[in-house]
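Observations on chain architecture
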Amino acid sequence: MTFLLIVEDELPIRELVSFVCEREGFEVVGAADVGEACAALKARRPDLILLDRMLPDRSGQSWLEDLKKDPETADLPVIMLTARGEERDRVEALDAGADDYIVKPFFPRELVARIRAVLRRQGQEKARVERSDENIVRCGPLVMNEARFEASVDGVPVKLSGKEFRLLHLFASHPGRVFSRAQLLEAVWESVYVDERTVDVHMLRLRKALAGTAAEDLIETVRGVGYRCRGL
Ligand code: CA
């Protein structure tokens with residue numbers, strides 16, 4: 001059974017989330033602060049953590065950064081709960097390593113859909129890692145061979161520069177996941193000192209390269225946050 005840890009200091013929200021998730025067949029344990037969450041994590045490893053950004057003893061975000069640094073917990077999926085309208089908070093949550101974020105107040109159905117999407121994505125990533133000796137990533141009609149630096153859509157080769165290939169490879173390996181510009185700079189340029197507009201320029205070129213193919217709508221802009229691969 002899928003086991004969730006919900007870290008939220010506001011009791012009504014914690015109870016609502018627990019109720020909704022249990023109704024969906026998840027097993028849930030609640031924690032009111034980071035201290036309780038650490039104890040719960042030690043007692044039993046969850047499949048996913050729902051983490052409020054503002055907690056009484058410590059910020060959820062700084063705890064998330066610790067989780068991502070620890071090899072034991074680095075691959076544990078985390079969905080951050082953030083306050084409405086704080087675009088910068090969402091970018092920071094993603095930069096800190098959150099797999100997704102959800103803005104409060106949220107519809108229970110949306111929360112459950114996000115949880116399922118993150119769990120599904122993690123399952124896909126695991127399956128992909130197991131086949132990684134082939135160095136091949138598939139995403140709908142797109143096939144990428146990393147060892148040969150080749151990409152094709154429905155069997156037709158697509159011409160890409162090195163940066164565009166690496167961008168597309170990153171998106172195709174993580175369907176559904178939102179990447180901020182800063183994350184893309186770090187992953188593809190391996191530098192945070194490059195202007196973020198550089199990312200937009202390369203995304204534009206990547207979209208041009210895919211235009212007219214079955215993968216032309218593969219990458220979508222997430223306003224104010226970054227980009228994501230739709231997953232076809
Ligand atoms: Ca809170």
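Our subject is the structure that appears above.
In this report, the structure presented in the accompanying data block is examined. Bear in mind that the values here come from a model prediction, so they are computed numbers and not experimental data.

Before going further, it helps to spend a moment on the overall build of the chain. Scanning the chain for helices and strands turns up 8 helices and 12 strands. For 232 residues, the compact-globule estimate of 2.2 N^0.38 gives 17 Å, and the chain sits close to it at 19 Å. For the chain, the spread of C-alpha atoms along the principal axes amounts to about 55 × 35 × 30 Å. Pairs at least 24 residues apart make up 57% of the contacts formed inside the chain by residues separated by at least 6 positions. Taken as a whole, the chain presents about 12100 Å² of accessible surface, with 50% of it coming from carbon and sulfur. Positive and negative side-chain charges of the chain, numbering 35 and 41 respectively, have mean locations separated by a distance of 5 Å.

With that settled, consider the coordination of the calcium ion. Think of it this way: four donors in a tetrahedron around the metal ideally sit 109.5 degrees apart, and six in an octahedron ideally sit 90 or 180 degrees apart. Around the calcium ion, the protein contributes the donor atoms Asp 9 (OD), Asp 52 (OD) and Met 54 (O), which lie 2.1 to 2.4 Å from the metal centre. For the calcium ion, the single-chain donor residues occur in sequence as D-x42-D-x1-M. Residue Asp 9 is located in the loop between strand 1 (3-7) and helix 1 (11-23), and its partner Asp 52 is located in strand 3 (residues 48-52); the two are separated by 43 residues in the primary sequence. We classify Asp 9 as partly exposed; its relative accessible area is 32%.

Moving on, we come to the layout of surface pockets. The computed volume of the second largest pocket comes to approximately 250 Å³. Lining of the second largest pocket is provided by 14 residues; of these, Leu 170, His 174, Gln 183, Ala 187 and Val 188 occupy positions nearest its centre. For the lining of the second largest pocket, the elements supplying multiple residues, two or more each, are helix 6 (162-173) and helix 7 (181-189). Grouping the amino acids of the lining of the second largest pocket by side-chain chemistry returns 6 nonpolar, 3 polar and 5 charged.

This paragraph deals with the environment of Phe 26. Residue position: Phe 26 is located in the loop between helix 1 and strand 2 (27-31). Among the residues examined, Phe 26 registers a relative accessible area of 5% and is labelled buried. Between the C-alpha atoms of Phe 26 and Val 112, which are 86 residues apart in sequence, the distance is 9.9 Å. The contact partners of Phe 26, leaving out residues within four places of it in the chain, are Met 1, Thr 2, Leu 4, Cys 21, Val 112, Ile 115, Arg 116 and Leu 119.

Spatially, 10-12-11 is the arrangement adopted by the 3 strands of the open sheet, whose pairing is antiparallel. Edge strands, defined here as strands with exactly one partner in the open sheet, are strand 10 (178-180) and strand 11 (219-222). Within this sheet the neighbouring strands show an average axis-to-axis angle of 30°, counted without direction. Strand direction decides the pairing type here: strand 10 and strand 12 (residues 226-229), joined by 3 bridges, are antiparallel. In the strand pairing of strand 12, Phe 179 is matched with Tyr 227. Its contacts with the sheet place helix 6 against strand 10, strand 11 and strand 12, and it is angled at close to 60° to strand 12. The strands touched by helix 7 within the sheet are strand 10 and strand 12, with strand 10 carrying the most contacts at an inclination of about 85°.

On to helix 6. Here helix 6 spans 16 Å end to end across 12 residues, near enough to the 16 Å set by a 1.5 Å rise per residue. Of all 12 residues in helix 6, 9 are buried; the element is thus mostly enclosed. By the burial criterion, the buried members of helix 6 are Glu 164, Phe 165, Leu 167, Leu 168, His 169, Leu 170, Phe 171, Ala 172 and Ser 173.

Calculation notes
- Residue indices begin from 1 for each chain and proceed along its sequence in written order.
- Two thresholds apply to this predicted model, a pLDDT of at least 70 for residue-level local features and 80 or more for giving and counting side-chain atom pairs, whereas whole-chain, interface and lining totals are computed over all residues.
- With hydrogens and water stripped out, all remaining heavy atoms of the structure feed into the side-chain values.
- Put simply, DSSP H or I for four residues or longer makes a helix, DSSP E for two residues or longer makes a strand, and each gets a number counted from the N terminus.
- Restricting the calculation to C-alpha atoms gives the radius of gyration, and the globule rule supplies 2.2 Å times the number of residues raised to the power 0.38.
- We call two residues contacting when some pair of their heavy atoms lies within 4.5 Å.
- Note on areas: Shrake-Rupley with a 1.4 Å probe; residue coverage comes only from the protein chains shown.
- The charged-residue count follows a simple rule in which Lys and Arg add positive charge and Asp and Glu add negative charge, with His and chain termini not counted at all.
- Where a charge lies is defined by one atom per residue type, namely NZ (Lys), CZ (Arg), CG (Asp) and CD (Glu).
- Water is absent from the atoms considered, so a metal site may look incomplete; donors are defined as N, O and S atoms within 2.8 Å of the metal, or 3.2 Å for Na, K and Ca.
- Exposure classes here rest on a 1.4 Å probe applied to the protein chains alone. A residue is buried below 20% of its type maximum, exposed above 50%, and partly exposed in between.
- Here a cavity means grid points, on a 1 Å grid over the protein atoms only, where a 1.4 Å probe fits yet cannot get out; a pocket means an open set of points with protein on both sides within 12 Å along at least five of seven lines; lining residues are those with an atom within 4 Å of a point.
- Grid points are joined across faces, edges and corners, and a volume is the space filled by probe spheres set on the points.
- Residue polarity follows a fixed list, in which Ala, Val, Leu, Ile, Met, Phe, Trp, Tyr, Cys and Pro are nonpolar, Asp, Glu, Lys and Arg are charged, and the others, Gly among them, are polar.
- Strand pairing is assigned whenever DSSP identifies at least 2 bridges connecting the two strands.
- To obtain an axis, a line is fitted to C-alpha atoms, over the contacting stretch when the element is a helix, and the angle between two such axes runs from 0 to 180 degrees between their N-to-C directions.
- Helix span is expected to be 1.5 Å times the residue number reduced by one.

So far we have only geometry, and geometry alone does not tell us how the molecule works.
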